[in-house]
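Single-letter residue listing:
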There are 2 protein chains.
Amino acid sequence: MAETSSIQAPALEDVKLAAARVSSRVHQTPVMTCEGLDRIAGAELFFKCENLQKVGAFKARGATNAVFSLSEEAAQRGVATHSSGNHAAALAWAARERGIVAHVVMPTSSPRIKRIAVEGYGAEITDCEPTLMAREAALEEVVARTGATFIHPYDNPEVVAGQGTAALELHAEIDRLQIVVTPLGGGGLLSGTAIATAGLAGHVEVIGAEPEIADDAYRSLRAGVLLPSDDSMTVADGLRTALSPMTFGVLRRFGVRVLTASEEGIIEAMRMIWERAKIVVEPSAAVTLAIVLANPAEFQGRRIGLILSGGNVDFDHLPW
Amino acid sequence: MAETSSIQAPALEDVKLAAARVSSRVHQTPVMTCEGLDRIAGAELFFKCENLQKVGAFKARGATNAVFSLSEEAAQRGVATHSSGNHAAALAWAARERGIVAHVVMPTSSPRIKRIAVEGYGAEITDCEPTLMAREAALEEVVARTGATFIHPYDNPEVVAGQGTAALELHAEIDRLQIVVTPLGGGGLLSGTAIATAGLAGHVEVIGAEPEIADDAYRSLRAGVLLPSDDSMTVADGLRTALSPMTFGVLRRFGVRVLTASEEGIIEAMRMIWERAKIVVEPSAAVTLAIVLANPAEFQGRRIGLILSGGNVDFDHLPW
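Worth saying up front: this structure is predicted, and the values here are computed from it rather than measured.

Asks: Explain the sheet that holds strand β9 (residues 257-261) of chain B here, please?
Replies: Residue and element names in this part refer to chain B. Spatially, β1-β2-β10-β7-β8-β9 is the arrangement adopted by the six strands of the open sheet, whose pairing is mixed. Each edge of the sheet is formed by a strand with only one pairing partner; in this case those strands are β1 (31-32) and β9. As defined by bridge partners, strand β8 (residues 205-211) adjoins β9 across five bridges and the pair is classed as parallel. Bridge assignment links Pro211 to a residue of β9, and that residue is Ala261.

Here you go:
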């Protein structure tokens with residue numbers, strides 16, 4: 001796989017432009033603290049609550065920035081993506097906010113609940129067989145037929161710049177942070193966070209939190225080459241994707257470190273956040289607290305920002 | 001049963017004194033809004049998040065006011081109560097904050113998880129058989145032996161005044177409310193809310209939300225006499241208690257209306273709050289939204305405050 005990307009990563013200036021573009025359209029989410037969790041972690045934890053974001057996930061930021069960056073002419077042809085997760089819902093929602101069409105290619109195997117969410121935001125769904133090839137072919141067909149702009153969930157500079165606005169808000173609200181932790185799947189949120197943090201609070205370390213059984217980013221950064229993902233079935237279903245050449249490049253450039261969490265640790269951290277902080281987060285969001293609890297030597301006594309990426313959970317199938 | 005109480009109900013002034021006493025000790029909880037729930041209800045909903053309160057429930061307010069109202073001499077002899085719910089945890093917590101002992105009489109049948117919570121706040125637990133007689137006998141024995149002050153969960157003016165501080169904050173933050181809804185069990189929160197609202201925002205209607213299968217307050221207010229509770233096993237376990245003569249008197253005096261919700265409605269509303277607002281609330285808290293959804297003619301188009309009373313839930317036994 002290519003180690004350098006043909007897609008130009010955004011800079012701090014792009015994150016600031018994104019903030020100007022999206023701030024009236026998405027929530028400035030609250031930063032919560034919880035004494036019980038501080039006590040357990042032996043640290044000061046500041047939770048940036050993107051579970052309370054539009055569509056229940058930070059993905060609303062990147063999708064909004066991408067959709068509202070389009071020229072009027074491009075916008076009229078619509079946007080398209082293949083995803084069955086939060087990005088598809090976010091893109092559908094952002095497109096509706098601009099009054100344009102979103103095409104979402106979705107495998108026939110997608111959970112009904114996700115399909116309903118995307119349909120609920122008014123997207124056109126195109127079914128495909130549940131294989132990567134079928135998905136890409138279906139997307140190509142949609143784009144060729146409609147002229148829609150493909151908005152990749154993370155291998156897209158406007159998306160990454162939009163995701164970085166969460167860290168922008170976090171640094172504006174909480175000073176003297178020493179570490180910022182975000183979940184790590186495709187690397188869009190982590191890249192945006194690294195770009196924003198390096199520019200605004202250069203002394204703050206940025207750490208990616210990845211499931212141990214989906215540790216392609218951890219291994220890629222160690223190896224210095226972009227390794228494929230393992231098709232892992234981690235409970236943190238938002239983090240099953242692999243880095244793109246662009247996001248890999250950003251993480252390397254900013255010296256971002258990755259720590260991993262066990263499946264048990266993720267589930268325990270998720271439940272702890274529900275029980276102690278009384279907020280609903282999805283497993284992917286809880287990976288941040290899981291690595292903090294699993295690595296006391298790294299985190300105890302520190303002042304830590306954790307981006308809780310989302311809160312979309314199937315309450316009929318809780319992991320405990 | 002007596003219809004008039006020998007216990008003097010608090011006035012607005014007492015609620016204000018309580019606010020001065022507790023405001024530095026408990027959280028000024030956020031008021032949340034949720035577009036998805038507004039759309040479903042066809043109304044503007046303002047959720048006062050007492051699930052994010054200390055010990056996870058509004059009970060911290062009343063317990064703190066009661067504990068910090070005691071003279072130094074009385075305080076040194078400690079406080080006592082019989083409860084296995086949020087009041088016991090709140091009293092234990094508040095006593096620890098003042099550095100005094102709390103005695104909690106608890107039936108041997110109490111869930112282990114509740115016992116651990118109360119012990120965790122440092123209370124002395126006295127076991128008793130799971131009958132009302134055994135409970136009262138055990139409490140009398142503890143009070144006689146220690147000289148501790150009995151703090152009733154709601155038949156106590158300092159407790160009611162403390163609970164009223166949630167509505168005080170709600171009215172200070174959100175203007176032009178037309179209705180305030182609170183859960184209704186023993187009537188402490190509802191009484192405090194009625195007293196605060198009548199004094200500060202007299203045009204705002206106060207409505208109590210009660211489970212249909214534990215509707216003793218609804219029936220008592222209709223009959224004009226205090227009727228006993230049915231020993232109901234409603235899923236809203238915080239609302240199984242009956243009014244006291246004092247709280248009954250307050251609800252009558254302020255013309256508080258009561259609406260009831262079905263068990264299915266309560267569970268559905270609870271899940272809706274988790275799914276849409278991404279916060280964890282206990283069934284008792286969800287009764288507020290349940291009556292709003294069940295009575296569109298009363299609530300549609302209105303601007304409504306709902307006090308979400310608590311968020312203490314056993315995640316191993318969710319009601320859906």
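Structure shown, so let's carry the discussion forward.
Asks: I'm lost on the environment of A:Phe299 in this one. Help?
Replies: Residues and elements named next belong to chain A. Within the secondary structure, Phe299 sits in helix α14 (residues 296-299). Note on Phe299: relative accessible area 0%, which makes it buried. Considered as a pair, Phe299 and Leu168 are 131 residues apart in the sequence and their alpha carbons are 22 Å apart. If near-sequence neighbours (up to four positions away) are discounted, Phe299 is found in contact with Ala43, Ile179, Val181, Ile207, Leu259, Ile291, Val292 and Ile304.

Asks: How do you make sense of helix α8 (residues 157-173) of chain A when you look at a structure like this?
Replies: The periodicity of an α-helix, 3.6 residues per turn, causes residues three or four places apart in sequence to face the same way. Residue and element names in this part refer to chain A. Taking 1.5 Å of rise per residue, 17 residues should cover 24 Å, and α8 covers 25 Å from first to last C-alpha, within 8% of that figure. With 13 of 17 residues buried, α8 lies mostly within the body of the structure. At the N-terminal boundary of α8, the capping side chain belongs to Asn156, with an oxygen 2.9 Å from the backbone nitrogen of Glu158.

Asks: Would you take a moment to explain the interface of chain B and chain A for this structure?
Replies: Interface size is commonly expressed as the accessible surface area that is lost when the partners come together. Taken together, the contact pairs 20 residues of chain B with 20 residues of chain A. Taken together, the two surfaces of chain B and chain A that pack against each other cover about 1,600 Å², and 56% of this comes from carbon and sulfur. It is B:Lys278, B:Val280 and B:Phe315 in chain B that bury the most area against chain A; as a group they hold 39% of the surface buried on that side. At the junction of chain B with chain A, the criterion picks out four salt bridges. Among the ionic pairs, A:Asp316 bridges to B:Arg271, the shortest N-O distance being 2.9 Å. Between chain B and chain A we count 12 residue pairs in polar contact (both at pLDDT 80 or more) in total. At four residues, the largest contribution of residues to the side of chain B that touches chain A is made by helix α12 (residues 263-277) of chain B. Broken down by class, the residue content of the side of chain B that touches chain A amounts to nine nonpolar, five polar and six charged.

Asks: I keep staring at the packing of aromatic side chains and nothing clicks. Help me out?
Replies: Any pair of aromatic rings gets described here by the distance separating the centres and the angle formed by the planes. Counting across every chain of the model gives nine aromatic pairs over all chains. When the centroid spacing of 5.6 Å and the interplanar angle of 75 degrees are considered together, the rings of A:Trp274 and B:Trp274 count as edge-to-face. Highlighted residues: A:Trp274 in helix α12 (residues 263-277) and B:Trp274 in helix α12, drawn from two different chains. Centroid distance A:Trp274 to B:Phe315: 5.7 Å. Interplanar angle 75 degrees. Geometry classified as edge-to-face. Placement of the pair is A:Trp274 in helix α12 and B:Phe315 in the segment after β10 (303-308), with the two residues belonging to separate chains. Assessed through its relative accessible area of 0%, A:Trp274 is described here as buried. Across from the ring centre of B:Trp320, 5.4 Å away, lies the NZ or CZ of B:Arg271, which sits over that ring.

Asks: For this particular structure, what's the right way to read the relation of the copies chain B and chain A?
Replies: Two copies of one chain are present, and they are related through a rotation about an axis combined with an axial shift. Structural alignment of chain B on chain A gives an RMSD of 0.0 Å, achieved by rotating through 180 degrees and translating 0.0 Å along the axis. Between the two chains, the operation in question is that of a two-fold axis. Minimal C-alpha separation from the rotation axis in chain B is found for B:Ile279, amounting to 2.1 Å. The overlap is high: 100% of the interface residues of chain B also sit at the interface in chain A, so the same surface is used on both sides.

Asks: I keep staring at the domain arrangement of chain A and nothing clicks. Help me out?
Replies: Residues and elements named next belong to chain A. Splitting chain A by domain gives domain 1 (12-58 + 156-308) and domain 2 (60-150). For domain 1 versus domain 2, the separation of C-alpha centres amounts to 24 Å. Of the residues lining the interface, 25 residues belong to domain 1; the matching set on domain 2 comes to 15 residues. Overall, the association of domain 1 and domain 2 removes approximately 1,600 Å² of surface from exposure, summing both partners, and the carbon and sulfur fraction of that is 58%. The largest contributions to the domain 1 side of the interface with domain 2 come from Arg21, Arg25 and Val55, which together make up 38% of the buried area. The tally of links between domain 1 and domain 2 comes to three salt bridges. For the salt bridge of Arg61 with Glu50, the shortest nitrogen-to-oxygen distance reads 2.6 Å. Remark: the boundary between domain 1 and domain 2 carries 11 residue pairs in polar contact (both at pLDDT 80 or more). Elements with a minimum of two residues in the side of domain 1 that touches domain 2: α1 (12-22) and α8. Among the elements that make up the side of domain 1 that touches domain 2, the one with the highest residue count is α8 (eight residues).

Rules used throughout
Going along each chain's sequence as written, the residues are numbered from 1 onward. By the order in which they are written, chains take letters starting at A while ligands take numbers starting at 1. Reporting of local features is limited, given that this is a predicted model, to residues whose pLDDT is at least 70; pairs of side-chain atoms are given and counted only at 80 or more, and all residues count toward the totals for whole chains, interfaces and linings. With hydrogens and water set aside, each side-chain value is computed from the structure's full complement of heavy atoms. Strands are labelled as partners when DSSP assigns at least two bridges between them. Counting from the N terminus, the helices are the DSSP runs of H or I reaching at least four residues and the strands are the DSSP runs of E reaching at least two. Only protein chains enter the accessibility calculation, which uses a 1.4 Å probe; a residue is then buried when its area is under 20% of its type maximum, exposed when over 50%, and partly exposed in between. Every residue pair with non-hydrogen atoms within 4.5 Å of one another is taken to be in contact. Helix span, as expected, comes to 1.5 Å for every residue beyond the first. Polar contact criterion, stated in full: a pair of N or O atoms within 3.5 Å, where within protein one must be able to donate a hydrogen and the other to accept it, and residues adjacent in sequence count only if both atoms are side-chain atoms. Buried area is understood as the total, over both parts, of accessible area removed when two parts are fitted together, assessed with a 1.4 Å probe. Only one rule defines a salt bridge in this text: a Lys or Arg side-chain nitrogen within 4 Å of an Asp or Glu carboxyl oxygen. Any residue outside Ala, Val, Leu, Ile, Met, Phe, Trp, Tyr, Cys, Pro, Asp, Glu, Lys and Arg is labelled polar, Gly included; the first ten of those are nonpolar and the last four are charged. Two rings from Phe, Tyr or Trp (for Trp, the six-membered ring) form a pair when their centres sit within 6.5 Å of each other. Planes less than 30 degrees apart are called stacked, planes more than 60 degrees apart edge-to-face, and all others tilted. Placement of a positive charge over a ring is assigned whenever Lys NZ or Arg CZ falls within 6 Å of the ring centre and within 35 degrees of the normal to the ring plane. Overlaid copies result from least-squares superposition on C-alpha atoms, with residues included only where pLDDT is at least 70 in both. These domain boundaries are the output of an automatic or database domain assignment.

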